[in-house]
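Analysis of the macromolecular model
Okay, here's what each chain looks like letter by letter:
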Amino acid sequence: MGICTIVISAVFVPVILSYLQYAARWDAQRDLSEVQTWSVKLRDYLSPSARLTWYEPLRDRFPTPTSDRRTFPGFIPVLAAMGSFGLVAVTARRQPQRIWIAVGALALGATAVLFTLGTHWKWQDQITDIELPYLFLFEHFTPFRAIRVVSRFAVMLNVAIAILAGIGVAAA
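So, here's what we can say about the structure.

Here we look at the pairing of strand 1 (residues 120-123)
- Where strand 1 and strand 2 (residues 126-131) come together, three bridges link them in antiparallel fashion. Looking at strand 2, one finds that Trp-123 is bridged to Gln-126.
- Counted along the chain from strand 1 to the antiparallel partner strand 2, the turn is two residues long, and its residue Gln-124 has a positive phi close to 50 degrees.

A short note on the packing of aromatic side chains
- This model, assessed by the stated rule, comprises seven aromatic pairs.
- An angle of 85 degrees between the planes, with centres 5.4 Å apart, marks the rings of Phe-72 and Phe-75 as edge-to-face.
- The class for Phe-72 is buried, based on a relative accessible area of 14%.
- Its relative accessible area of 36% is what places Phe-75 among the partly exposed residues.
- Ring plane angle 70 degrees and centroid distance 6.2 Å describe the contact between Phe-136 and Phe-141, whose orientation is recorded as edge-to-face.
- Given the relative accessible area of 47%, Phe-136 is considered partly exposed.
- An aromatic cluster of at least three residues, connected via ring pairs, comprises Phe-115, Tyr-134, Phe-144 and Phe-153.

Quick notes on the side chain of Thr-116
- Relative to the helices and strands, Thr-116 resides in helix 5 (residues 97-116).
- A distance of 2.7 Å separates a polar atom in the side chain of Thr-116 from the backbone oxygen of Val-113.
- Look past the residues within four positions of Thr-116 in its chain and what remains in contact with it is Ser-39, Val-40, Tyr-45, Val-150, Ser-151, Phe-153 and Ala-154.

Digging into the packing of helix 4 (residues 75-90) against helix 7 (residues 154-171)
- Closest axis-to-axis distance for the helix 4/helix 7 pair is 7 Å, and the angle between their directions is 50 degrees. On the basis of their axis angle, the class for helix 4 and helix 7 is oblique. The crossing of helix 4 and helix 7 is left-handed. Together, Pro-77, Val-78, Ala-80, Ala-81, Ser-84, Phe-85, Leu-87 and Val-88 of helix 4 and Ile-161, Leu-164, Ala-165, Ile-167, Gly-168 and Ala-171 of helix 7 make up the contact between the two elements.

A look at the packing of helix 5 against helix 7
- It is at 8 Å that the axes of helix 5 and helix 7 come closest, and there the two elements cross at 160 degrees. Compared by their axis directions, helix 5 and helix 7 come out roughly antiparallel. For the pair helix 5 and helix 7, the crossing hand works out as left-handed. Taking contact as the criterion, the partners of Arg-98, Ile-101, Ala-102, Ala-105, Leu-108, Gly-109, Ala-112, Val-113 and Thr-116 in helix 5 are, on helix 7, Ala-154, Met-156, Leu-157, Val-159, Ala-160, Ile-163, Leu-164, Ile-167, Ala-170 and Ala-171.
- The residue makeup of the contact of helix 5 with helix 7, split by class, is 16 nonpolar, two polar and one charged.

What counts and how
Think of each chain on its own: its residues are numbered from 1, step by step along the sequence as written. For a predicted model such as this one, the threshold for reporting local features is a pLDDT of at least 70, and the threshold for listing and counting side-chain atom pairs is 80 or more; totals across whole chains, interfaces and linings nevertheless cover every residue. Excluding hydrogens and water, the side-chain values take into account all heavy atoms of the structure. Only strands joined by at least two bridges in the DSSP assignment are considered to pair. Numbering goes from the N terminus for both helices and strands, where a helix is a DSSP run of H or I of at least four residues and a strand is a run of E of at least two. Working definition: rings of Phe, Tyr and Trp (its six-membered ring) pair if their centres are within 6.5 Å, and the pair is stacked with planes under 30 degrees apart, edge-to-face with planes over 60 apart, and tilted otherwise. With a 1.4 Å probe rolled over the protein chains alone, any residue whose accessible area is under 20% of its type maximum counts as buried; one over 50% counts as exposed, and the rest are partly exposed. Nitrogen and oxygen atoms within 3.5 Å of one another constitute a polar contact, given that in protein one can donate a hydrogen and the other can accept it, and given that sequence-neighbouring residues count only through two side-chain atoms. Contacts were defined at the residue level, with two residues in contact if any of their heavy atoms lie within 4.5 Å. Axis angles are defined between N-to-C directions and span 0 to 180 degrees, where every axis is a line fitted to C-alpha atoms and, for a helix, only to the segment in contact. Oblique is the label for any angle not under 35 degrees, not over 145, and not in the 65 to 115 range, which are roughly parallel, roughly antiparallel and roughly perpendicular in turn. A clockwise turn of the near helix away from the far one marks a right-handed crossing, whereas an anticlockwise turn of less than a right angle marks a left-handed crossing. When residue character is reported, Ala, Val, Leu, Ile, Met, Phe, Trp, Tyr, Cys and Pro are called nonpolar, Asp, Glu, Lys and Arg charged, and the others, Gly included, polar.

Scope: geometric values only; no functional claims are made or implied.
Shown next as structure tokens:
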């Protein structure tokens, strides 16, 4: 499991180093309002893009957000990821390490969703006073001030969904 963590973390090292270099060179600091503009609302996770014609009724209910705020992962990957928990529970005695990988992937996905929400909770298109964990990172860690489009953390959610779905396939 430790090796998997190192390998997965190594994928993000070039991105983090690029942000650190950019932040140091250009004194890149974003305004909180800019970060909030590019953060998502939870309902954006239910907003399919116009290219996904299967989801037209859903698109009518949840209008498609603009550009980088499109975070809809699709239902089949999410269902596959959710189904993996049942399979992991059934096969836990034979493969106990899968439980920890599943829990780690779930934590990665939850963290990604929290980060995509930005610095403050949005309720009906209004920014509230409820602070989210990303605000702490924004205020205390300089590299996070260089990130303008926090909705891109949704990529980590997609990675978590893929890991969970893969565990389910391996457990079947």
